[in-house]
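Each chain, written out:
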There are 2 protein chains.
Amino acid sequence: MNRAVKVACAQVAPIVGDAEGNRARAREAIHSAIAAGARLIVLPELCNSGYVFADAEEARGLAEPLDGPSVTEWRALTRAGGVVLVAGLCELADDGTLFNSAVVIDGGELLGVYRKTHLWDAEKLVFTPGAVSPPVIETAIGRVGVAICYDTCFPELLRGLALEGADVIAVPTNSPILTPPLEPLPIELMMASATAHVNHVCVAQADRTGHERGVDWVGASGIVDAVGRLLTAKADGETLLLAEVDLGAARDKRLGERNDALADRRPELYELNLRG
Amino acid sequence: MNRAVKVACAQVAPIVGDAEGNRARAREAIHSAIAAGARLIVLPELCNSGYVFADAEEARGLAEPLDGPSVTEWRALTRAGGVVLVAGLCELADDGTLFNSAVVIDGGELLGVYRKTHLWDAEKLVFTPGAVSPPVIETAIGRVGVAICYDTCFPELLRGLALEGADVIAVPTNSPILTPPLEPLPIELMMASATAHVNHVCVAQADRTGHERGVDWVGASGIVDAVGRLLTAKADGETLLLAEVDLGAARDKRLGERNDALADRRPELYELNLRG
């Protein structure tokens, strides 16, 4: 069943420490996406705080609880717009722990929080890794799975989201440029296409942009359909990617007459993968 | 430790039923690769038989045992050339079973046989799926893992090869054109790059070419280094891809100061993947 949904990925440029400015940037992106008819909006990883923290204390000063100003505002904006939002949040948990999280908000309701389970580099000095696999959440536009940035280097995790029934995997990300991006596409976009293709699931990835404390970003935002086709992508600068995606296609895993992307799996051959 | 090895992927055009011609095409490709200095040579899936069988009986007539003419010749050629060969074979097992196999031959010795575990489309009418995960084989040029075509849609299988220590995954493939190939790269090459990147392993993929009974082929041959960089690829026509690849890079899974492509895995989060 065709279930075309307009998806928006906002490639914004947070500034570390500028909480109010970051909130304004997110607000503006959400407004623009709603005006363009988007029903699912994805914002980058850590979009409330920025990424390149001087130390854990700086991150702590910028982290917010789930009833803090960012989530509160996002709830109001998604309620008014009737949209689903997945956004990266520098989260301060009740017990004081810091998590690199993503929230899933549907029409004003906070339906889920995912705490990044695979931390990259200096994130390990700041955040506690999440203890729970990412969720797949039933929303008004379909089933939304979540992964954050370096999580996408773990296809086992992404496969789990497909097995749990995700129609679309929303990926808030911050991809620093470490070496010259690969040609003809940054690896982060090739991985997004591969993820979509092998799982027959859509992918909506929102990277950040903007120079921050010596770090530049790949700008690997992209929207991919359930066969792996990159519908739109943009490397440089602030932008709002928009694409109409048939999320319904992800419900049918058949590939031709005799194959099925998930049923053809042979779990008995993959047991090695569970060794520590 | 840098361990540069010249790798060759031969994109040849087998003709279904032309056993002698197919053997000649393979021989010529192996000779050319040896002359060019290759130490690892990969030939496509089912390169002795062709792919588009009229029925199982035709396939049976073209299948060969492991001491048949193709493997016997490949042993002689690799002994003379001092090379490692991974080649697709339409295999007739001792008990009469047909397998879509790949052989690994090192300097004349048949070191391994992998029987494709994920069969595509009409292959299901002809072949029995292999019962065993693909091997990783210690050869003169390093540890060679094997996967065949549709197997690459199962990242769990490829991860298993990396966990078993593969330096390079050799992929004999036959990728029929089903829909217009994706831009800017066929999905089969984006998947090869993604596989290399997330596992920090090299990939050498040899696709076939040549029109066969109404089917054309993507020509998705490519050689990828351990960060996912496509060193060389060629879509159309018969060709011998050559690239110098540092197979030693695959032994070091560290990513910067604080990460490791395999050690960062969290197997306890992936258990869902083993449900049938």
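Since we're looking at a predicted model, the values are computed, not measured. (Residues numbered from 1 in each chain as written. Chains lettered and ligands numbered in written order. Predicted model: local features only at pLDDT ≥ 70, side-chain atom pairs only at ≥ 80, totals over all residues. Heavy atoms only, no water.)

Draft legend 1. Highlighting the sheet that holds strand 11 (residues 230-234) of chain B. Residues and elements named next belong to chain B. Taken in spatial order, the 6 strands of this open sheet run 6-7-8-9-10-11, and their pairing is mixed. Strands with a single pairing partner mark the edges of an open sheet, and in this sheet they are strand 6 (136-139) and strand 11. In this sheet, adjacent strand axes meet at a mean angle of 20° when their direction is disregarded. Across 4 bridges, strand 6 lies against strand 7 (residues 142-146) in antiparallel orientation. The residue bridging Glu 138 from the neighbouring strand is Arg 143, located in strand 7. (Pairing = 2+ DSSP bridges. Helix = DSSP H or I, 4+ residues; strand = E, 2+ residues; numbered from the N terminus. Axes fitted to C-alpha atoms, helices over the stretch in contact; angles between N-to-C directions.)

Draft legend 2. Structural view of the interface of chain B and chain A. On the side of chain A, 55 residues touch chain B, which itself brings 55 residues to the contact. In total, about 4800 Å² of surface goes out of reach between chain B and chain A, with carbon and sulfur atoms giving 61% of it. Ranking the residues of chain B by area buried against chain A places Glu 156, Arg 258 and Leu 274 of chain B at the top, with a combined share of 13%. At the junction of chain B with chain A, the criterion picks out 8 salt bridges. Connecting chain B to chain A are 30 residue pairs in polar contact (both at pLDDT 80 or more). Within the residue set of the side of chain B that touches chain A, elements represented by two or more residues are helix 4 (123-126), helix 5 (155-163), helix 6 (187-199) and strand 14 (259-260) of chain B. Element by element, the count of residues in the side of chain B that touches chain A is highest for helix 6 of chain B, at 7 residues. When grouped by side-chain class, the residues that make up the side of chain B that touches chain A number 29 nonpolar, 12 polar and 14 charged. (Contact = heavy atoms within 4.5 Å. Buried area = accessible area lost by both parts, 1.4 Å probe. Salt bridge = Lys/Arg side-chain N within 4 Å of Asp/Glu carboxyl O. Polar contact = N/O pair within 3.5 Å; in protein donor to acceptor, adjacent residues only side chain to side chain. Nonpolar A, V, L, I, M, F, W, Y, C, P; charged D, E, K, R; others polar.)

Draft legend 3. Structural context of helix 1 (residues 19-35) of chain A. Residue and element names in this part refer to chain A. For helix 1, spanning 17 residues, the distance from its first C-alpha to its last is 24 Å, which sits close to the expected 24 Å at 1.5 Å a residue. Along helix 1, the residues that are buried comprise Gly 21, Asn 22, Arg 23, Ala 26, Ala 29, Ile 30 and Ala 33. Once helix 1 finishes, Gly 37 follows within two positions and takes phi at roughly 95°, a positive value. (Expected span 1.5 Å × (residues − 1). Buried < 20%, exposed > 50% of the residue type's maximum accessible area, 1.4 Å probe, protein only.)

Draft legend 4. Broad picture of the sheet that holds strand 5 (residues 109-115) of chain A. Residue and element names in this part refer to chain A. The 6 strands lie next to each other as 5-4-3-2-1-12, forming an open sheet whose pairing is mixed. Because the sheet does not close on itself, it has two edges, and the strands there are strand 5 and strand 12 (239-246). Neighbour-to-neighbour, the strand axes of this sheet turn through a mean angle of 25°, independent of strand direction. Sheet topology places strand 4 (residues 98-106) next to strand 5; 6 bridges connect them, and they run antiparallel. In the sheet register, Val 104 faces strand 5, and the bridge partner there is Gly 112. Against the sheet, helix 3 (residues 69-81) contacts strand 3 (84-92), strand 4 and strand 5, and its axis sits at roughly 170° relative to strand 3.

Draft legend 5. How the structure looks around the packing of aromatic side chains. All names here are of chain A. The final tally for this structure, using the stated rule, is 8 aromatic pairs over all chains. A ring pair is formed by Trp 120 and Tyr 150, whose centres lie 5.0 Å apart and whose planes are at 65°; its orientation type is edge-to-face. Remark: Tyr 150 occurs in the loop between strand 7 (142-146) and helix 5 (155-163) and Trp 120 occurs in the loop between strand 5 and helix 4 (123-126); sequence separation between them is 30 residues. One aromatic cluster is present, formed by Trp 120, Tyr 150 and Phe 154 through successive ring pairs. (Phe/Tyr/Trp six-rings, centres within 6.5 Å; stacked < 30°, edge-to-face > 60°.)

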